[in-house]
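The lines below spell out each chain.
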Number of protein chains: 2
Amino acid sequence: MKLSAMRLALAFRFSTLLLAAGLLAGCATSGTSSPSSSLLVPPERGNGDLGLVIERESGTLGVLDTTARTRLGTVAGLGDLSHASVVFSRDGALAYVFGRDGGLTKVNLRTGAIEGRVMQAGNSIGGAISTDGSLIVAQNYQPGGVKVFDARTLEQLADIPAVVDGKASRVVGLADIPRNRFIFSLFDAGQIWIADLADPRQPKIQKFAGIGKQPYDALITPDGRHYIAGLFGEDGLAKIDLWAPEPKVERILPGYGKGQQPLPVFKMPHLRGWAVAGRHAYLPAVGRHEVLVVDTQTWQEVGRIPVAGQPVFVMARPDGRQVWVNFAVPDYDTVQVIDTQTRQIVQRLKPGKAVLHMEFTPRGDAVWISTRDDHRISVIDTQGFKTLATLPAKSPSGIFFTSRAARTGF
Amino acid sequence: MKLSAMRLALAFRFSTLLLAAGLLAGCATSGTSSPSSSLLVPPERGNGDLGLVIERESGTLGVLDTTARTRLGTVAGLGDLSHASVVFSRDGALAYVFGRDGGLTKVNLRTGAIEGRVMQAGNSIGGAISTDGSLIVAQNYQPGGVKVFDARTLEQLADIPAVVDGKASRVVGLADIPRNRFIFSLFDAGQIWIADLADPRQPKIQKFAGIGKQPYDALITPDGRHYIAGLFGEDGLAKIDLWAPEPKVERILPGYGKGQQPLPVFKMPHLRGWAVAGRHAYLPAVGRHEVLVVDTQTWQEVGRIPVAGQPVFVMARPDGRQVWVNFAVPDYDTVQVIDTQTRQIVQRLKPGKAVLHMEFTPRGDAVWISTRDDHRISVIDTQGFKTLATLPAKSPSGIFFTSRAARTGF
């Protein structure tokens, strides 16, 4: 019963709002076509200001230009892109797309070409790229575990099944850490592992056991220091200080979670969306209409900010001055903006139906918001909150800018 | 007397160690040649992992590949590049190079072509690019003031002479701040100005007077919040909190400077090199063999770390775990590494003669160090401190990676 409830919640979280999919039948395709035979980007133009949007229903990617605020083209043939995520090569030209169906696709944004594609698992939940750009790692639900690929050829270099007590565990919360190492959480086993891939065909594994029940997602802080896993099976969070001489698991925020008198949770919030702004982290409360403020020096809660619904993503503008929040149903048409200096809501926006993701331009002057059921992306000025542009996108979910290539944990 | 001493110190600071130039007569050119007629970077390759090195004696730029750790080519014809600096377009393909001779050159890293060049002043000291990438601003010694250019055409859009009481002031410490505004310091007038270039042909200027004597350099913190100017004419620093409802100038660190019993100062340290790591800033002491530790919440000094010489650049690895320091003569062959957790020196390196600059790869796994008198760049692993590669460069000074395009104040 508990496991099935958990599965339901996870399915709900990761495929989000499948009930809305029916609305999409017969919706028009966007006007762009796949220009796989020609360049999307002229040879003399750079790609530091480009990005991608995931179009989940059609299995396509839209290539975005954040300077002209236009859509340069479409790449098709990526399979099931529900809950797909993307990491970029060091040069920002290659996107590695992890599909829910286990597909790992290497796409060149500059040419629009698919340079490689492997079906690496039955059910995948994202991936990461090594600091040196040479390794791609995928985390899987089915068959569980983690697989390591050559970033150039997509050849499989290692398989790390994440077996504990004879049982393969689903893996979540994968993040890159320095020196071609990766950290991830084992949902079924309640462990955190670090894989050292200095020799990628011979991974060395460090294991942290007994971290708590059912880690369901995790994040790494922007400086790469703290890895924090959320626990589905109990309240509180598991944290590892990777800079400690002997890293170990600590529990923080014992009240974080569903609590003793749980409210209905419409969608487990994304931990990876956690905002760290200055010395404070801003966290989505689970099931409550609140954003929690946590002091990252003591890891104690120091405040709560009432918001419009159950928060899903809580994301800091790159300068940390603002935190933007979107919400689960029924408030998923709303975005609120918190000023971190006053901890007040300074703006409430309704960019469209089913806000699924927000991505800031690297210097934070604009945010790009996908509204799945309105089939568009809105580009919003973060200072005056004007809508600067809207772009067509078919059931858009995640938006990923190439500036992520320069960041740990992205 | 005082002015001439100041001029001497500034000349010394900005052109650094001219006495060593004689050593360069007859030195070999690097093996690369200028491929201006062909692409340096293939159309399908991205430019997120590229960079430039300034070759001051030959007026050339070396184009660098931080993934392969190679030099892709050379761009010639940039004039006097002593103390040259660079900003990048949003797409990372275009470098705007500010030469000491007043030349502003637009270089395309991907093609190796010079796309435009104007002589905009008699003596220039650097520049900045607006958040939206549309405006280039140069700060000048001769004739003083600031000029604004169209980033595409290099057409001059505005001239801001920085005249106070009928006298044109030299301008230093220019930085971009959000919404196409720029902040800078007037050396002769002792003021800080903010130019709002929402309409670039009609700049609106906000002036802060009486900030202290002779601001000689300035920095903006990585979040764009605090602008801090060093004062050549007195001790202490001038700070403006740009997030305050009514920004105003405050004095901080009253003991910072040459002090009451000045030691000989071989080179005024670069403020722009200041490291902000976690809640602490690490500052080069003026004339003393120390790095100062300052709490950025109180702006009080909280510690001093003894180092090998007079620090010039004090730079944080992107994750803030380490601070790297280079030194003025006679210790300019040395680099020291501070662990910010213990505030201890954890490594002393001698990468070569006349260490002029250090640039970290965006995720901090390596640092690239220019050693002018050994005519090379050393690529050093920041974890194990091994030299990963050395590349030829003729009298190299500044190294600039395209990942700067995503950062405020770079």
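Just above, that's the structure.
About the criteria used
Residues numbered from 1 in each chain as written. Chains lettered and ligands numbered in written order. Predicted model: local features only at pLDDT ≥ 70, side-chain atom pairs only at ≥ 80, totals over all residues. Heavy atoms only, no water. Helix = DSSP H or I, 4+ residues; strand = E, 2+ residues; numbered from the N terminus. Buried < 20%, exposed > 50% of the residue type's maximum accessible area, 1.4 Å probe, protein only. Contact = heavy atoms within 4.5 Å. Areas by Shrake-Rupley, 256 points an atom, 1.4 Å probe, with all protein chains shown as cover. Pairing = 2+ DSSP bridges. Axes fitted to C-alpha atoms, helices over the stretch in contact; angles between N-to-C directions. Buried area = accessible area lost by both parts, 1.4 Å probe. Salt bridge = Lys/Arg side-chain N within 4 Å of Asp/Glu carboxyl O. Polar contact = N/O pair within 3.5 Å; in protein donor to acceptor, adjacent residues only side chain to side chain. Nonpolar A, V, L, I, M, F, W, Y, C, P; charged D, E, K, R; others polar. Least-squares fit on C-alpha atoms with pLDDT ≥ 70 in both. Phe/Tyr/Trp six-rings, centres within 6.5 Å; stacked < 30°, edge-to-face > 60°. 1 Å grid on protein atoms, 1.4 Å probe; cavity = no way out; pocket = protein on both sides within 12 Å on 5 of 7 lines; lining within 4 Å. Points joined across faces, edges and corners; volume = space filled by probe spheres on them.

> Quick one: what's the story with the overall build of chain A, residue by residue and with numbers?
A tally of regular secondary structure across chain A gives one helix and 34 strands. With 410 residues in all, chain A has 63% of them scored as buried. In chain A, the proportion of contacts linking residues at least 24 apart, taken out of those at least 6 apart, comes to 44%. Within the structure as shown, chain A displays about 14,700 Å² of accessible surface, and the carbon and sulfur contribution to it stands at 51%.

> Describe the sheet that holds strand β24 (residues 290-295) of chain B, with residues and values.
All names here are of chain B. Overall, antiparallel pairing links the four strands, which are arranged β22-β23-β24-β25 in an open sheet. Looking at strand neighbours, the two that pair on one side only are β22 (275-277) and β25 (300-306), the edges of this open sheet. Strand-to-strand, the axes of this sheet are offset by a mean angle of 25 degrees, without reference to chain direction. Pairing between β22 and strand β23 (residues 280-284): three bridges, direction antiparallel. Looking at β23, one finds that A275 is bridged to Y282.

> Describe the interface of chain A and chain B, naming the residues involved and giving the relevant values.
Listed as interface residues are 40 residues of chain A and, on the opposing side, 40 residues of chain B. For the pair chain A and chain B, the two sides together bury roughly 3,500 Å², of which 46% comes from carbon and sulfur. Three residues, A:R90, A:W243 and A:R363, lead the burial of chain A against chain B; their summed loss comes to 25% of the area buried on that side. At the junction of chain A with chain B, the criterion picks out two salt bridges. In this structure, A:R363 and B:D176 form a salt bridge, with 2.6 Å as the shortest nitrogen-oxygen distance. Our count for the chain A to chain B interface comes out at 23 residue pairs in polar contact (both at pLDDT 80 or more). Here the residues of the side of chain A that touches chain B are counted per class, giving eight nonpolar, 16 polar and 16 charged.

> Kindly report on the relation of the copies chain A and chain B, identifying the contributing residues and their values.
The operation relating chain A to chain B is a screw motion whose rotation component is 180 degrees, with 0.0 Å of axial translation and a residual RMSD of 0.0 Å. Viewed as a symmetry operation, the transformation between the two copies matches a two-fold axis. Residues of chain A ranked by C-alpha distance from the rotation axis are headed by A:P43, positioned 2.1 Å from it. In this assembly, 100% of the residues forming the interface of chain A have copies in chain B that are likewise at the interface, indicating an isologous arrangement.

> Account for the pairing of strand β23 (residues 280-284) of chain A, with residues named and values stated.
Residue and element names in this part refer to chain A. When you tally the buried positions in β23, you get five out of five residues, the bulk of the element. Neither face of β23 is left uncovered, since the one carrying H280, Y282 and P284 and the one carrying A281 and L283 both have all their residues buried. Connecting strand β22 (residues 275-277) to the next strand, β23, in antiparallel fashion are two residues, including G278 with a positive phi near 60 degrees. When β23 meets strand β24 (residues 290-295), the two strands line up antiparallel, connected through five bridges. The partner of Y282 across the bridge, within β24, is V293. Where β23 folds back on β24, the antiparallel hairpin that results is connected by five residues, among which G287 adopts a positive phi of roughly 80 degrees.

> Which residues make up the pattern of salt bridges, and what values do they have?
Tallied over the full model, the rule gives 42 salt bridges over all chains. Among the salt bridges present, the one from B:E155 reaches B:R201, with a minimum N-O distance of 3.1 Å. Placement of B:E155 in the loop between β10 (146-150) and β11 (156-160) and of B:R201 in the loop between β16 (191-196) and β17 (204-208) is noted, with a sequence separation of 46 residues between them. Owing to a relative accessible area of 47%, B:R201 belongs among the partly exposed residues under this scheme. For B:D373, the salt bridge identified is with B:R372, shortest N-O distance 2.7 Å. Classification of B:R372 as buried rests on a relative accessible area of 3%. Each of A:R45, A:D49 and A:D65 takes part in a single network of salt bridges with overlapping partners.

> Help me get a handle on the packing of aromatic side chains, residues and values and all.
All names here are of chain B. Tallied over the full model, the rule gives 10 aromatic pairs over all chains. Judged by centre distance (6.1 Å) and plane angle (85 degrees), the rings of W324 and F360 are edge-to-face. In this pair, W324 sits in strand β27 (residues 322-327) while F360 sits in strand β30 (residues 355-360), placing the two residues 36 residues apart along the sequence. When sorted by exposure, W324 lands in the same class as F360, which is buried. Ring centres of W324 and F385 lie 6.0 Å apart, and the angle between their planes is 45 degrees; on these two criteria the pair is classed as tilted. Residue W324 is located in strand β27, and its partner F385 is located in the loop between β32 (376-381) and β33 (387-392); the two are separated by 61 residues in the primary sequence. By relative accessible area, W324 is classed as buried at 0%. On the basis of relative accessibility, which here comes to 15%, the residue F385 falls in the buried class.

> Would you mind going over the sheet that holds strand β4 (residues 85-88) of chain A in detail, with residue names and values included?
Residue and element names in this part refer to chain A. What the four strands build is an open sheet, ordered β4-β5-β6-β7; its pairing is antiparallel. The open sheet has two free edges, formed respectively by β4 and β7 (114-119), since each of these has just one partner strand. Within the sheet, the average angular offset between the axes of one strand and its neighbour, ignoring direction, is 15 degrees.

> How would you summarise unusual backbone geometry if you had to cite specific residues and measurements?
Cis peptide bonds are those with omega within 30 degrees of zero, and the linkage from B:Q142 to B:P143 qualifies with 15 degrees. Within the secondary structure layout, B:P143 lies in the loop between β9 (135-142) and β10. A cis geometry characterises the amide bond from B:V329 onward to B:P330, with omega recorded as 5 degrees. Even without being a glycine, A:D165 presents a positive backbone phi close to 55 degrees. Counting through the fold element by element, A:D165 comes out in the loop between β12 (163-164) and β13 (167-168). For A:F385, which is not glycine, the phi torsion reads 65 degrees and is therefore positive.

> Just give me the short version of empty space enclosed by the protein, but keep the residues and values in it.
Tallied over the entire structure, the rule returns three cavities of 30 Å³ or more. In this model, the largest cavity occupies a volume close to 340 Å³. In terms of lining residues, the largest cavity is bounded by 30 residues, among which A:S403, B:G48, B:T402, B:S403 and B:A406 are the most central. Classifying every residue of the lining of the largest cavity by side-chain character gives six nonpolar, 14 polar and 10 charged.

These figures capture arrangement, not role.
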